[in-house]
Amino acid sequence: MQPWEMMPWYGMIFGPLMMIIWLVIVIVIAVAVIRWLQAGTVGPLPSLMGRKRALEILEERFAKGEIDKDEFQEKKRLLSD
């Protein structure tokens, strides 16, 4: 009896299926690590960081006198929603 003759029939289905599952897991982990290294974080936090950066820009424009107090308060209220 040859070694390949001793393998059960379901090995031909689950073997390749498990290889595909492991490949998907490795790809998902690689993408998560790359995003983490590029953005500095994983998850929904980059959107919050964008809001913080927008508020900083708004404060800089107000400090430079590019916008008045009413416009600053209105835009700040919109950013905080």
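What counts as what
- Residues numbered from 1 in each chain as written.
- Predicted model: local features only at pLDDT ≥ 70, side-chain atom pairs only at ≥ 80, totals over all residues.
- Heavy atoms only, no water.
- Salt bridge = Lys/Arg side-chain N within 4 Å of Asp/Glu carboxyl O.
- Buried < 20%, exposed > 50% of the residue type's maximum accessible area, 1.4 Å probe, protein only.
- Helix = DSSP H or I, 4+ residues; strand = E, 2+ residues; numbered from the N terminus.

### Side note on the pattern of salt bridges
Argument step 1. Tallied over the full model, the rule gives four salt bridges.
Argument step 2. A salt bridge links Arg-61 to Glu-66; its shortest N-O distance comes to 3.1 Å.
Argument step 3. On the basis of relative accessibility, which here comes to 30%, the residue Arg-61 falls in the partly exposed class.
Argument step 4. Take Glu-66: its relative accessible area is 47%, and that puts it in the partly exposed class.
Argument step 5. A salt bridge links Arg-77 to Glu-74, with the nearest nitrogen and oxygen atoms 2.7 Å apart. With Arg-77 and Glu-74 both in helix 3 (residues 69-80) and three residues apart, this pair spans about one turn of that helix.
Argument step 6. Here Arg-77 falls in the partly exposed class, since its relative accessible area comes to 43%.

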